[in-house]
Amino acid sequence: MSNVLQIFICISYVLSMKCQRVIRLFKIAVSCLHVHRCKCLVRQLHSAQSLPAPKALRLAYASYEGTRSHSASEPLVPPLIIMHGLFGSKGNWNSLSKVFNARTVPQRKVIAVDARNHGDSPHASEHSYEAMAQDIRQLMLDIDRRMERVALLGHSMGGRAMMLFALQWPELVDRLIVADISPVSTSNSENTMLRYFEVLQSVTVPDNVSLSAARVLADTHLARVIPDKGVRAFLLTNLVQKADGSFRWRMNIDALLTNYHKITQFSIADGLKYEGPTLFIAGGASDYIQKRDHGHIKQLFPNAEFQTIDGAGHWLHSEKPHEFVDICLDILNRT
């Protein structure tokens, strides 16, 4: 059978299905004319047909826009979308979002989001990187259907979500920044996260006390398992008081724990690549990005660069904010 006929069969197969994921997989085959690759593609297409894309949620977000007027000679640049890590929220990025908006040249609009099951965003039983990537696509449509491209920055869990978005929709991504997470390795610290889930679930706070008093009580409970005061303070930003005086965690702990195996793994279809400007930033005191991973990362992101912030741990953007900002601005301000 001729190569042309092979491609024609693949095209016919794609047109018979109405699935975005199928179409994305087909793009991989267009560059591949070998018979065995086409046969392999048909098997992938058939598999994709039986796995519909997760339903997107409408994420909560905060937008940061400059007040200075835009010059006609100054080019419009894609906005920067930021996604936090596990247990985080858009509020953790408030200060840095303002800095990025003020110091990008040309000035970029900055959009900090709450991931699904976090912050003010909706809760759902599904929590996967594919679902989070779909959420970002929906966010672009919600904000402005004319939005053609975006720059992406994600930390930890948010970094993997942004990686997958860039791999699935490379034509929509201006550039990508990934903070202290790898698509390859998992960290030994991820076992520690399971202990965080357990202690968060066990916290009980009496109703109708002040929020500050509730956080003191919760902090005392968390300290039995989590000695790091900074980590406890970070987690306690999620404790909120309801209208009836009771307290709850903003993140959907049950869904996150049920799907934790999906958070610690990163699986993608063969052949996906993002070839735009890409930066991986590692904390020097963190093990989330290993040097041995660089070769594999380059297969997915051929133009990836790597930077390390000495002395910073996993929460490098809060531990060394000035160094983190300077490194990010270097790639954000490139023409």
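About the criteria used
- Residues numbered from 1 in each chain as written.
- Predicted model: local features only at pLDDT ≥ 70, side-chain atom pairs only at ≥ 80, totals over all residues.
- Heavy atoms only, no water.
- Buried < 20%, exposed > 50% of the residue type's maximum accessible area, 1.4 Å probe, protein only.
- Helix = DSSP H or I, 4+ residues; strand = E, 2+ residues; numbered from the N terminus.
- Contact = heavy atoms within 4.5 Å.
- Salt bridge = Lys/Arg side-chain N within 4 Å of Asp/Glu carboxyl O.
- Pairing = 2+ DSSP bridges.
- Axes fitted to C-alpha atoms, helices over the stretch in contact; angles between N-to-C directions.
- Phe/Tyr/Trp six-rings, centres within 6.5 Å; stacked < 30°, edge-to-face > 60°.
- Core = buried A, V, L, I, M, F, W, Y, C linked by side-chain atoms within 4.5 Å.
- Polar contact = N/O pair within 3.5 Å; in protein donor to acceptor, adjacent residues only side chain to side chain.

Draft legend 1. Main features of helix 7 (residues 190–202). Those residues of helix 7 not exposed but buried are Glu190, Met193, Tyr196, Phe197, Val199 and Leu200. Those residues of helix 7 that are buried are in contact with helix 6 (157–168), helix 8 (211–222), helix 9 (229–236), strand 7 (247–249), helix 10 (253–258) and helix 11 (260–263).

Draft legend 2. Layout of the pattern of salt bridges. Counted according to the given criterion, the structure contains 14 salt bridges. Put simply, arginine 58 and aspartate 142 hold a salt bridge, and the shortest N to O gap is 3.2 Å. With a gap of 84 residues between them, arginine 58 in the loop between helix 3 (35–49) and strand 1 (61–64) and aspartate 142 in helix 5 (residues 129–143) connect regions that are remote in the sequence. Exposure remark for arginine 58: the relative accessible area of 56% places this residue in the exposed category. Since its relative accessible area comes to 34%, aspartate 142 is described here as partly exposed. Among the charged side chains, a network of salt bridges with common partners joins Arg108, Arg149, Asp174 and Arg175.

Draft legend 3. Here's a closer look at unusual backbone geometry. Put simply, valine 105 and proline 106 share a cis peptide bond, and its omega is -10°. Mapped onto the secondary structure, proline 106 falls in the loop between helix 4 (94–103) and strand 3 (110–113). With a phi close to 65°, asparagine 117 is a non-glycine residue in the positive phi region. Locating asparagine 117 in the fold gives a position in the loop between strand 3 and helix 5. Classification of asparagine 117 as buried rests on a relative accessible area of 0%. We note that asparagine 208 has phi near 60°; this positive angle belongs to a residue other than glycine.

Draft legend 4. Representation of the sheet that holds strand 8 (residues 278–283) in the model. Taken in spatial order, the 7 strands of this open sheet run 1-3-2-4-5-8-9, and their pairing is mixed. The two strands at the open ends of the sheet, each matched to only one other strand, are strand 1 and strand 9 (304–309). Between one strand axis and the next, the sheet turns through 15° on average, direction left out of account. Where strand 8 and strand 9 come together, 6 bridges link them in parallel fashion. Counterpart to alanine 282 in the pairing with strand 9 is threonine 308. The sheet strands contacting helix 6 are strand 2 (80–83), strand 4 (150–155), strand 5 (173–179) and strand 8, and the helix crosses strand 4 at an angle near 145°. Together, strand 2, strand 4, strand 5, strand 8 and strand 9 form the strand contacts of helix 14 (residues 321–332), whose direction differs from that of strand 5 by roughly 160°.

Draft legend 5. How the structure looks around the packing of aromatic side chains. According to the stated counting rule, one finds 8 aromatic pairs in the structure shown. Centroid distance phenylalanine 234 to tryptophan 315: 5.5 Å. Interplanar angle 55°. Geometry classified as tilted. Here the residue phenylalanine 234 occupies a position in helix 9, and tryptophan 315 occupies one in the loop between strand 9 and helix 13 (316–319), the gap between them amounting to 81 residues. Assigned by exposure class, phenylalanine 234 and tryptophan 315 land together as buried. Through a chain of ring-to-ring contacts, the aromatic side chains of Phe87, Phe197 and Tyr260 assemble into a single cluster.

Draft legend 6. Layout of the nonpolar core. In terms of nonpolar packing, the biggest core is built from 66 residues, with Ile81, Phe87 and Phe301 touching the most fellow members. The dominant element in this core, judged by the number of residues it contributes, is helix 6, at 8 residues. With residues up to four places along the chain from it excluded, the contact list for phenylalanine 87 reads His118, Met193, Tyr196, Phe197, Leu200, Phe234, Leu235, Asn238 and Met251. Residues Leu80, Phe100, Leu153 and Ala179 belong to the second largest nonpolar core, which totals 24 residues.

Draft legend 7. Spatial organisation of helix 9. Of all the positions in helix 9, only Val231, Arg232, Phe234, Leu235 and Leu236 are classed as buried. Looking at the buried positions of helix 9, the neighbouring elements they touch are helix 7, helix 8, strand 6 (239–241) and strand 7. Two to three positions downstream of the cap, the backbone nitrogen of glycine 230 sits 2.8 Å from a side-chain oxygen, assigning the N-cap of helix 9 to aspartate 228.

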